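A look at the structure
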Amino acid sequence: MDVRVGDILELKKTHPCGSRQWQVLRVGMDFKLRCLGCGHELMTTRVKAEKSVKRILPRED
């Protein structure tokens, strides 16, 4: 899966704030994501993040 910093990920499950969209802040063995609804940031493993992605919205350059 080709995920880059700045991409927006739409996940299968909603965050408690109601948003499904997360911005990618860091990629590597794990991802750092920021919720676009409330601003919450989290680190998760690449495998777990890739399983929960519904679609990738590329960054707007």
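A brief report on the enclosed structure follows. (Residues numbered from 1 in each chain as written. Predicted model: local features only at pLDDT ≥ 70, side-chain atom pairs only at ≥ 80, totals over all residues. Heavy atoms only, no water.)

Digging into the pattern of salt bridges
One pass over the full model with this rule turns up six salt bridges. A salt bridge links Asp 2 to Arg 4; the shortest N-O distance between them is 3.4 Å. Residue Asp 2 is classed as exposed on the basis of its relative accessible area of 53%. Between Arg 46 and Glu 50 there is a salt bridge; the shortest N-O distance is 3.1 Å. Pair noted here: Arg 46 and Glu 50 are both in helix α1 (residues 46–52), with a separation of four residues, about one helical turn. For Glu 50, a relative accessible area of 25% corresponds to the partly exposed category. Linked by salt bridges that have partners in common, Lys 32, Arg 34 and Glu 41 make up one network. (Salt bridge = Lys/Arg side-chain N within 4 Å of Asp/Glu carboxyl O. Buried < 20%, exposed > 50% of the residue type's maximum accessible area, 1.4 Å probe, protein only. Helix = DSSP H or I, 4+ residues; strand = E, 2+ residues; numbered from the N terminus.)

Considering the pairing of strand β4 (residues 41–45)
Of the pairings in the sheet, the one linking strand β3 (residues 30–35) to β4 comprises five bridges and is antiparallel in character. Each bridged residue has a counterpart across the sheet, and for Leu 33 the counterpart in β4 is Leu 42. Counting the residues that bridge the hairpin from β3 to β4 gives five residues, and of these Gly 39 lies at a positive phi of roughly 90 degrees. (Pairing = 2+ DSSP bridges.)

Side note on the sheet that holds strand β1 (residues 8–11)
Taken together, the five strands give an open sheet; going across it, the order is β4-β3-β2-β1-β5, and neighbouring strands pair in antiparallel fashion. Two strands in the sheet have a free side with no partner beyond their single neighbour: β4 and β5 (53–57). In this sheet, neighbouring strand axes are inclined to one another by 35 degrees on average, regardless of whether the strands run parallel or antiparallel. (Axes fitted to C-alpha atoms, helices over the stretch in contact; angles between N-to-C directions.)

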